[in-house]
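Spelled out, the chains give:
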Amino acid sequence: MLDANGLPRYWATIWSALAAHHLGAATEAKKLRYIESLYDFADRLHGNGHLDDCLANIDIAKLGDLLEAYFIGLRNQPDITGATEKNWRTCFGFVKDTVTRLGKNQPNQTRLAVIESRLHQLDTLYGQLRIQQSKRPDILRSLPASVVSAIYDILSPESPENPFRQMQTRWNAFLAFICMLHWGLRRGEALLLPVDAVKSAFDHKLGKIRYWIDVVQSEDHDKNDLRYNKPSLKTADAVRQIPISGLTANLVQTYTENYRGKPPHPFLLNTQWDTPLSHESLTEYFKKITLALPFEAIKTLANRSGKSTVTPHDLRHTCAVVRLSQLLDSGDPMDEALQKLRIFFGWSRSSDMPRKYARAVFEDRLASVWSNIMDDRIEILRNIPGGQ
């Protein structure tokens, strides 16, 4: 975030410190890249420092002209993707947030009223603009039951169909699969799990041991993380405590005692080279898993979702749809079930994700994945040997 003279982009630096402090490092970096593209665009059109000057002077007219030109520039790109839309929404939000913050600091109430009026006009003119209308319905579906079943068969560490040769890698991939499917973790959250992630305590009300994991980001662990693309929590709301089953807790123990090794880092998922599992390696895992799926499973996946690959985030979608279905089946009202889902998956109060999954539950004909397919796999999990 430097201009042509090597000086920091002033208002972007302020925004990063005040408005983006709750974001994960990767999410903040992505948004700053979008904002930098707006700065570059303004510099090319009007000279170095134009955007910062307009913001400092709260020049709504010039900001409106700049945003309109930037929007048209994005619309004229030959390859418009979802990232293009995010670029526009981020840049418009940055301008709006900065002007709003500056306006609140105005001692003159008359000038404040004028600024608020012009800001409302700016929001009316440009806030509703969309780069591209969505070509697909806003639905998040779980993986088809047959695909989930096939992945279980493939990733069982003892399976002859397992695409990974090393037993340590087999367990690494299998445990990552369990973390995202059973616990609903994002990819970065799974990669951040420490080796002592699983906690337990005796619950006197239930009369049995209760297991859980804490989804947090430790500064001490960050210092020991040598990965180029360091995983991070998406937002402050991602910090949470997730209850897990004794079965999956035992799987973690089996892995750590027999297959993880003794690497010099504190992270749970460890590769055969004694390095923490990275974003890139996890993506490669799922490419191999997809290639190992039987033809019928791929065909079902394509017919159901229009996709031909399985990604880590698909497992989180599946977990969310099934968890919500379970809560509704147990008698929870929709509002209460959505609130529980919001806490479990680490969504903010303003996030629209629970509503999307609520729609998915009612439109998903295979919402019995958890109760049928996953429970059928309990015997597979129980029969996995504890290691030699």
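Now for a description of the structure that goes with this document. Within each chain, residues carry numbers counting from 1 in the order of the written sequence. Thresholds applied to this predicted model are a pLDDT of at least 70 for local features of residues and 80 or more for the giving and counting of side-chain atom pairs; totals over whole chains, interfaces and linings are not thresholded and use all residues. Only heavy atoms go into the side-chain values, all of them from the structure, while hydrogens and water stay out.

Right, let's talk about the environment of Lys307 for a bit. Secondary structure is summarised from DSSP: a helix means a run of H or I of at least four residues, a strand means a run of E of at least two, and numbering begins at the N terminus for each. Mapped onto the secondary structure, Lys307 falls in the loop between α13 (295–305) and α14 (312–329). We call two N or O atoms a polar contact when they sit within 3.5 Å, provided that within protein one can donate a hydrogen and the other can accept it, with sequence-adjacent residues counted only if both atoms are side-chain atoms. Reaching out from Lys307, the side chain makes a polar contact with the side chain of Asp314 at a distance of 2.6 Å.

With a phi close to 50°, Ile58 is a non-glycine residue in the positive phi region. Despite not being glycine, Asp274 has its phi angle at roughly 60°, a positive value. Structurally, the position occupied by Asp274 is in the loop between α11 (246–258) and α12 (279–292). Whether a residue is buried, partly exposed or exposed follows from its accessible area with a 1.4 Å probe, protein chains only, as a fraction of its type maximum: under 20%, in between, or over 50%, in that order. What makes Asp274 partly exposed here is its relative accessible area of 33%.

Further remarks concern the nonpolar core. Residue types Ala, Val, Leu, Ile, Met, Phe, Trp, Tyr and Cys, when buried and joined through side-chain atoms within 4.5 Å, form a set referred to as a nonpolar core. In terms of nonpolar packing, the biggest core is built from 62 residues, with Ile151, Phe177 and Leu185 touching the most fellow members. Of the residues forming this core, the biggest block, 10 residues, is contributed by helix α8 (residues 167–182). We call two residues in contact when some of their heavy atoms are within 4.5 Å. Sequence-distant contacts of Ile151, that is, excluding residues within four places in its chain, are made with Leu143, Phe177, Ile289, Leu293 and Val310. If you look at the next biggest cluster of nonpolar residues, it comprises 31 residues, including Ile58, Leu67, Cys91 and Leu102.

What follows deals with the packing of α8 against α11. Relative to each other, α8 and α11 sit at 155°, their axes nearing to 11 Å. With respect to α11, the axis of α8 lies roughly antiparallel. You can see that α8 and α11 cross each other, and the crossing is left-handed. Between α8 and α11, the contacting residues are Trp171, Asn172, Phe174, Leu175, Ile178 and His182 on the first element and Thr248, Leu251, Val252, Thr254 and Tyr255 on the second. Here the nonpolar group is Ala, Val, Leu, Ile, Met, Phe, Trp, Tyr, Cys and Pro; Asp, Glu, Lys and Arg are the charged ones; every other residue, Gly included, is treated as polar. Classifying every residue of the contact of α8 with α11 by side-chain character gives seven nonpolar, four polar and no charged. The angle between two axes is taken between their N-to-C directions and runs from 0 to 180 degrees, where each axis is a line fitted to C-alpha atoms and a helix contributes only its stretch in contact. Angles below 35 degrees are treated as roughly parallel, those above 145 as roughly antiparallel, those between 65 and 115 as roughly perpendicular, and all remaining angles as oblique. Two helices crossing with the near one rotated counterclockwise from the far one by less than a right angle form a left-handed crossing, whereas a clockwise rotation gives a right-handed crossing.

Glancing now at the environment of Leu7. Within the fold, Leu7 resides in the segment before α1 (10–18). In this structure the C-alpha to C-alpha distance between Leu7 and Gly49, which are 42 residues apart in sequence, comes to 9.8 Å. Setting aside residues up to four positions removed in sequence, Leu7 forms contacts with Met1 and Leu2.

Paired strands, in this sense, are two strands between which DSSP finds at least two bridges. The sheet built from three strands is open, its strands ordered β1-β2-β3 with antiparallel pairing. A strand with exactly one partner marks an edge of an open sheet, and here the two such strands are β1 (198–203) and β3 (240–244). Along the sheet, successive strands turn relative to each other by an average axial angle of 35°, direction set aside.

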